[in-house]
Structure formats: C-alpha cells, structure tokens
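# A look at the structure
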2 protein chains.
Amino acid sequence: MSSKVKKRTLINDIANHLEVSIATVSLVLNGKAKQSRISDAVAERVLKYVQEVGYKPNHLAKSLRTGKTHVIGLVVEDISNPFFATVAWLIEKQAFERGYRIIYCSTDNDPTKSKELISMFRERHVDGFIIVPSEGIEEEVSTILREQTPTVLFDRFLPKLPTNYIVVDGAQGTYTATQHLLEQGFRNIAFVTTDSTQTQMEARLNGYVRALEEQQLLPLVKRVAASKDSEHLIADIQDFIKDNRACDAIIFSTNYLSIYGLEAISRLQLRIPQDLAVISYDDHDLFRLYTPAITVIAQPVESIAKNVIDILLEQLQQPSDQAIANNHSIVLPTALIVRKSSIRQPEPVPATRKKAAK
Amino acid sequence: MSSKVKKRTLINDIANHLEVSIATVSLVLNGKAKQSRISDAVAERVLKYVQEVGYKPNHLAKSLRTGKTHVIGLVVEDISNPFFATVAWLIEKQAFERGYRIIYCSTDNDPTKSKELISMFRERHVDGFIIVPSEGIEEEVSTILREQTPTVLFDRFLPKLPTNYIVVDGAQGTYTATQHLLEQGFRNIAFVTTDSTQTQMEARLNGYVRALEEQQLLPLVKRVAASKDSEHLIADIQDFIKDNRACDAIIFSTNYLSIYGLEAISRLQLRIPQDLAVISYDDHDLFRLYTPAITVIAQPVESIAKNVIDILLEQLQQPSDQAIANNHSIVLPTALIVRKSSIRQPEPVPATRKKAAK
DNA sequence: ATGAAAGCGCTAACAT
DNA sequence: ATGTTAGCGCTTTCAT
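Residues numbered from 1 in each chain as written. Chains lettered and ligands numbered in written order. Predicted model: local features only at pLDDT ≥ 70, side-chain atom pairs only at ≥ 80, totals over all residues. Heavy atoms only, no water.

By the naming in an unreviewed UniProt entry, chain A is LacI family transcriptional regulator, taken from Hymenobacter fodinae.

Shown next, in the form of structure tokens:
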C-alpha cells in the first residue's frame, strides 16, 4: 500500500480537495458549467485547482463512457510517398487544432492489408475514417458506412459506393500536359503508368489518350507492374525507351514512376529535353531540384487536405443520425507547372545565353 | 429503443447465448481456462461461438480495467526521413507480431513539440516509449522514467539520464570513411554537417577530425543551419564548395544534406568523383541509383530496430517493478559501402578493369 | 468448475 | 446550484 508509486490525480481527488461533488468538477471541465448553472465562483476554483495540479482526465475512461475517442483513422496507400505524406501532415495539423488525433497506416495498395487496417481501426473505436481506397475493399467500407461512422475517401473513390470523396481531375491534368507537349512540337508522346485499374489511374490515362486522338495521333502506353523492386522497374522503363527510339516525350503517371524513369533516362545517357521531354504527374522536391527541372501536373494538396478534414469534421459534429443522403463529391483541378524538361530546345544552343528561369 | 442501430456483440451476449457466466467467457478468451480449471468442452464452445459471431473485446474497456493499452509511442525526428521511416516500419512489424501497436509522431527536432508529443502519449496511456530525443527534453524523459514506463532511446541518447539506448558508432563510421578517402589519395577532405550539438552529430564530426589529425591534415568543416528551406541549403553548400576549390572530397553527415549537396555539385557542373569525391552518412535509395552511385556509411537499420523492440518488449513483459538499474546501452557498428563516388579515377580510364568492391 | 460482484475513471440524468 | 448514482464493457477475486 505505502509502496505504491505516486498516483495520477483523479477527478475524485479534485472534488475531495475542493469539497464539491465530482459531477460539478466534470461539468465545469466539459464547459457545461453555465447550462448546469454552476456558480462562477465554483467554476473558477475548479479550473484554477485543475490547472494547478495539472490534472488530465483519463481518456480511456472518458471514451468508454462517451463512446467518442476523438481519434480519426487515416488509411493511405504509402505514407512515405511525399504526396500522401504532405496531405496526411496537413490533415493532422488541422485535426489537431480541432481536438482530433490522427492515427495512420499504409496499405501498400494491398486489399488484405487495407481490410485488416480498417478493422483494426474499428476495434480501436476511431470516430471517423479517411481512406485512400485500394481495390476490392467495398465490403469493409460498406460496413463502416452502415455503422454510421463518418468517412471520407480521397485520391480515388469506389464507384459502387455512395461516400464522400475528394479527388482530382487527373484526366484534365494529363490532357493539358499532353497538349502542352504537342504545342511544343513533340509528336511521339508516350505514357508510362502502372497496371492498376483504379479510378484515378484510368482517368490520367484517358486524358492523355483523348488529347492525342484529337490530333489523330496514336497513343503509346507502357504499363509497368506495381512492383517494389526498383532495379526491376528501372530496367523495364529503360527497355521501353530503348525499344521506342522515335518517342520524343514521356508523361509518367505517378511521382515514383518518374523517379525511376529519370534514372532510366540517365542510364541511357539521354538528354532532357533535347532527346526526350519529360512530364511527371504529381510534384516532388526532386523535380524542382533536378537538372533540368521537371514539368509536373501538380495536385492541390492543401485544398485536398482542407476539403477532407472539413467534410469529416462537419459529419463528426453532427448529432449522429441521418447525414446519409448528402454526400460530398468534390473534384479539384490540377495545375500544370511548366519547367525546363518539357520545353523544346532550339537547335543551336548558345549555352551562355540561358534564360534565367527563377 | 427499437430504432437503435445494430449493436456490437458484447461479452454479455456471448455469455447469455451460451448460458455460461461472463467470467467464464473472459477467462477462456484470455487463455486462462486451464488455470481456472474450466472444462475443455466449455472452453471450446466459447471459442467456437466467439469465432462464429466475430466477437472482438472492447479495447477501451479492457485497457481501462487492466491499465494496459498495448500501444507503444514512437517519437522520431522526422518520419519522412527514410532512415527513421525504415526503422519505424521494422519496429512496427515486430511489435505487431507480438501484439503491440505503434503510434508515431515527428518532432522535427523541436523540443517544444517533443514535449507535447510525449505528454500526449502519456495521456493516451501508452505502455512504453521509443524516443529519438531532441535536445532539452531531459525533464519529460525523467518523468516517464519515474513513472516506470518502459522506454528506449535510439539514434542518440541523453548523457545525463540513465536510460536504455541503442546508438551507432558514428565516429568509427566517419573515421573509416575518411581513411578510405585518404587511401584513395584525396587530401582536401571537407565535412558538411548541421549546427546541431547532439551526441550523434558530434560523434560523426569527431571521427572525421581524428582521422585527419592522425595524418597532420587540417579539418575543413562546414556547418549549415538546420533550416527547412531547401533552396537556401543548396545555395549555402554551393557557396562553400565554390569558396574551397582545393577541396577534392566531401563527407556529408546526414542523408538529406547529401541530397542537397548532390544538387549543389550538379549545379556547379562538377563531376563526381573526378572533381569531387562524395561520401554520405546513411544510405538511401537515391544513393544506390545515382550516377555515379554514392559511397555511404550505412547504419544497421534492422539491427537497430530489433534491439529497440527486443529491449522494450522485455521490459514491458516484466512484472512492472524494479528493472531500473539494468539499463541496456548498445552501440552498433556502421558499415562503409564503397561505390563509385569515392573511387579515385586513374587519369586514363580503362573502364573495363574495375575492381569488384564487394 | 463456475458465478457474483467489485471496480477501472469518467459522464450525465435525475434528485434535492 | 450542487450532489447521487447508474452505467460504459471488461477483468478478476472470492464464494460456492
């Protein structure tokens, strides 16, 4: 008994010390002093003493009682991908300010892992979900929807399910990028993408195809397997480029494909953009810093994050009934950021007269 | 009442359905059937039914009752840095297998943020801590130590505090790297590091200085501010290289400094290693893929992760009393992985007669 | 071998 | 205006 380590302060201790009831303390702490007509004097004393001893309510007990954990589960494809990392970070910051905590997990786009993570989060009683859905998880998402857990998808959505989602107009992005290359005079434009058939990847492909078809040009699409082995991916892209020497420009459908692509191009000792113009979907530090800087189809990360968290918090705040019918489906525009990698070089290049492009 | 959404299954429902007591169910579920001499028949029925309805105990209630959350708080400097990301991922995997969950946070090396995160984790009742300590958080770490919460530091430690820690022999790493450059015939070797005075950064610097002093050579150290502005860092390094044209080799003390350094070198149109040899502390995908591949002082990430989690789980499993005196302090060796960037090029280069380095 | 019941710390409806 | 008290879902001691 006396060997016990110093215990945490409890709401009981507060009440005892102040000689008020524990309910009074609880009410004051939860900002319900006014509506319970607790005297300002008492409320102040409570607040002061709580502050003094640094009392923190036990979250577990609170959550058990209220059924709310104030935790949001964030399920992304790969938290080490700068796109997801940035969005996650922005979401976390905003959620934090409004009293919510985020717990993340990466699915690696694996449906099994996605399902496990969703059910893990359910077990942990998250109040809401933010999900970048991999394919084949309709059932799990249905379940959380049925349980009325507020949920927002982003980056892609599940066409069969009525959910909130925030996506980007990838088709418009690649369409504009392709047009830009055409305007620059490139004619043999290839598109390197993954073998995924998810909504966002298909959209990116379609935008490219449409732009070419409008000019009666034939698409040239390379699909690489979504492998983890970087050497293999690089070699694959390298072979593709070698086999298509006529190709004078490439659009990569994701940031990591571009990185492998740049490596492949460098190994082939091709010059960008003289031998091959390059555009990447999704911006990245490296693309700004690369020599030459790489033109990108940038996604509006701040806006994505803001929309996601705003919609989720709105639903979280609701009195927990209907909210079903009115799902938000938001499609945000991309922005083409033109850098050196997609600008046609005039044949004779006076190296000293380089235009200073900030 | 009848308008209620379908409720989750509770332990009560199980007990009712099976017409046994709730205690029996609980005991069976916690593997204490044998020691409570519950009949195998009953135990089996319970397990079978639980399986059937997919009953999952409520973690919150369980934790509130037992005082254990089976959650470990992981506080790193920057989860988007591949070194920390990899270690975190390995730790998470092993912890998961043994029934623990990890929640992460990045401190950005900011003491205030570190303190907030630690206290947030305390509030969330994590069972243990894994911390990459920023400077000035001795007090908070003391607190969790006093509360007997199992804790392991890694990457660096707090010299004033008796804790478990796993670090790497950075001094040996940079010493060996410097020697390697000297053996290759480089004489003007610079060291680019941050302005941090943390244990691991000082060690890296010291190894470099010692190797040079043994040869009566003068160190050339550039300290860049730990800023977040990449352009600024690149320009800073660029200026440093320009101002020290005699310098023929550089060791960078962290992976991100190397990345900025490579960009600086590329902008100066210097060739690696002909004009400037390069070694980075810490390996990275990019360094393997870069042309030329970059020599690195690699940290044993698997071993770090394994040691961290083993020690923490050992302490977590202990009967929660002493365990104080016997702290583990483990220092792991680094490995120099020699690639092209630090190999002196013979003036006329017979490219085919390259020595196979490992 | 099994069941009853006392909490873990907190909230909120209901009394006073 | 403030106090009493019944749970939230689970574990575990003690009786039987």
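Ranked by internal contacts, the top residues of the largest apolar core, which has 54 residues, are Ile241 and Ile250 of chain A together with Ile241 and Ile250 of chain B. Apart from residues no more than four positions distant in its own chain, Ile250 of chain B is found in contact with Ala190, Val192, Ile241, Leu276, Ala277, Val278 and Ile279 of chain B. (Core = buried A, V, L, I, M, F, W, Y, C linked by side-chain atoms within 4.5 Å. Buried < 20%, exposed > 50% of the residue type's maximum accessible area, 1.4 Å probe, protein only. Contact = heavy atoms within 4.5 Å.)

Further remarks concern the environment of Lys34 of chain B. Residue and element names in this part refer to chain B. Secondary-structure assignment places Lys34 in the loop between helix H2 (22-29) and helix H3 (40-53). On the accessibility criterion, Lys34 (62% relative accessible area) is exposed. Along the primary structure Lys34 and Thr193 are separated by 159 residues, whereas in three dimensions their C-alpha atoms are 60 Å apart. (Helix = DSSP H or I, 4+ residues; strand = E, 2+ residues; numbered from the N terminus.)

Right, let's talk about the packing of aromatic side chains for a bit. Residue and element names in this part refer to chain B. The tally for this structure, following the rule as stated, stands at 10 aromatic pairs over all chains. Judged by centre distance (6.4 Å) and plane angle (65°), the rings of Phe84 and Phe154 are edge-to-face. Here the residue Phe84 occupies a position in helix H5 (residues 82-97), and Phe154 occupies one in strand S4 (residues 151-154), the gap between them amounting to 70 residues. Pair check on accessibility: Phe84 and Phe154 agree, each one buried. (Phe/Tyr/Trp six-rings, centres within 6.5 Å; stacked < 30°, edge-to-face > 60°.)

Turning our attention to the protein's contact with DNA strand C. In the vicinity of DNA strand C lie 25 residues, with Tyr55 and Arg65 of chain A together with Ser21, Ser36 and Arg65 of chain B positioned nearest. A distance of 3.4 Å is found between a phosphate oxygen of DNA strand C and a side-chain nitrogen or oxygen belonging to Asn30 of chain A. At the level of elements, helix H2 (22-29) and helix H4 (59-66) of chain A together with H2 and helix H4 (59-66) of chain B are the ones that each hand at least two residues to the surface near DNA strand C. For the surface near DNA strand C, the element with the most residues is H4 of chain A, which contributes four residues. Here the surface near DNA strand C is built from residues that sort into 12 nonpolar, eight polar and five charged. (Near = heavy atom within 4 Å. Polar contact = N/O pair within 3.5 Å; in protein donor to acceptor, adjacent residues only side chain to side chain. Nonpolar A, V, L, I, M, F, W, Y, C, P; charged D, E, K, R; others polar.)

Turning to the pattern of salt bridges, a few remarks are in order. Residue and element names in this part refer to chain A. Overall, the coordinates contain 32 salt bridges over all chains when judged by the stated rule. A salt bridge links Arg98 to Asp310; its shortest N-O distance comes to 2.6 Å. One end of the pair, Arg98, is in the loop between helix H5 (82-97) and strand S2 (101-106); the other, Asp310, is in helix H13 (residues 301-317), with 212 residues separating them in the sequence. Judged by relative accessible area, which is 40%, Arg98 ranks as partly exposed. With a relative accessible area of 27%, Asp310 lands in the partly exposed category. Between Arg288 and Asp285 there is a salt bridge whose closest N-O contact spans 2.7 Å. Taken together, the positions of Arg288 and Asp285, both in helix H12 (residues 285-289) and three residues apart, correspond to about one turn of that helix. (Salt bridge = Lys/Arg side-chain N within 4 Å of Asp/Glu carboxyl O.)

What follows deals with the sheet that holds strand S1 (residues 71-76) of chain A. Residues and elements named next belong to chain A. With parallel pairing, six strands are arranged side by side in an open sheet as S2-S1-S3-S4-S5-S11. Each of the sheet's edge strands pairs with one partner strand only, and the pair in question is S2 and strand S11 (329-332). This sheet shows a mean twist of 15° between the axes of neighbouring strands, independent of strand direction. In this structure, strand S5 (residues 164-168) lies alongside S11, joined through four bridges in parallel fashion. Within S11, the position partnered with Tyr165 by the bridge is Ser329. (Pairing = 2+ DSSP bridges. Axes fitted to C-alpha atoms, helices over the stretch in contact; angles between N-to-C directions.)

Let us look at the packing of helix H6 (residues 111-123) of chain A against helix H7 (residues 138-146) of chain A. All names here are of chain A. At their nearest, the axes of H6 and H7 sit 9 Å apart, and the two run at 20° to each other. In terms of orientation, H6 lies roughly parallel with respect to H7. At the point where H6 passes H7, the crossing takes the left-handed sense. Between H6, through Lys115, Ile118 and Arg122, and H7, the contact on the second element is made entirely by Glu140, Val141, Thr143 and Ile144. Its residues placed into classes, the contact of H6 with H7 shows three nonpolar, one polar and three charged. (Parallel < 35°, antiparallel > 145°, perpendicular 65-115°, else oblique. Left-handed = near helix turned anticlockwise from the far one by under 90°.)

This part is about the interface of chain B and chain A. On the chain A side, the residues contacting the 38 residues of chain B number 38 residues. Here chain B and chain A share an interface that buries about 3,300 Å² over both sides, 58% of which is from carbon and sulfur atoms. At the surface where chain B touches chain A, the tally comes to zero salt bridges. Only H4, H5, strand S2 (101-106), helix H6 (111-123), helix H10 (230-243), helix H11 (255-267) and helix H12 (285-289) of chain B provide two or more residues apiece to the side of chain B that touches chain A. Sort the elements by how many residues they give to the side of chain B that touches chain A and H4 of chain B lands first, with five residues. Across the side of chain B that touches chain A, the residue classes break down as 15 nonpolar, 10 polar and 13 charged. (Buried area = accessible area lost by both parts, 1.4 Å probe.)

Taken together, 27 residues lie around DNA strand D, and Ser21, Ser36 and Arg65 of chain A together with Tyr55 and Arg65 of chain B are the ones closest in. For DNA strand D, the backbone portion of the atoms within 4 Å of the protein, that is sugar and phosphate, comes to 68%. Contact between DNA strand D and Thr24 of chain A: a phosphate oxygen at 3.0 Å from a side-chain N or O atom of the residue. At a separation of 2.5 Å, a phosphate oxygen of DNA strand D approaches a polar side-chain atom of Tyr55 of chain B. Sorting the residues of the surface near DNA strand D by element identifies H2 and H4 of chain A together with H2 and H4 of chain B as the ones contributing at least two each. Its residues placed into classes, the surface near DNA strand D shows 13 nonpolar, eight polar and six charged.

Moving on, we get to H10 of chain B. Residues and elements named next belong to chain B. Its 14 residues place the ends of H10 20 Å apart at the C-alpha level, agreeing with the 20 Å of an ideal helix rising 1.5 Å per residue. Taken residue by residue, H10 has Ser230, Leu233, Ile234, Ile237, Gln238, Phe240 and Ile241 as its buried positions. Mapping the buried residues of H10 onto a view down its axis gives an arc of 160°, with all of them on the same face. Opposite the buried face of H10, at more than 90 degrees from it, the exposed residues are His232 and Asp243. (Expected span 1.5 Å × (residues − 1). Arc of directions from axis to C-beta.)

With respect to the helices, strands and loops of the structure, Arg101 of chain B is situated in strand S2. Apart from residues no more than four positions distant in its own chain, Arg101 of chain B is found in contact with Met120 and Arg124 of chain A together with His70, Val71, Ile72 and Phe96 of chain B.

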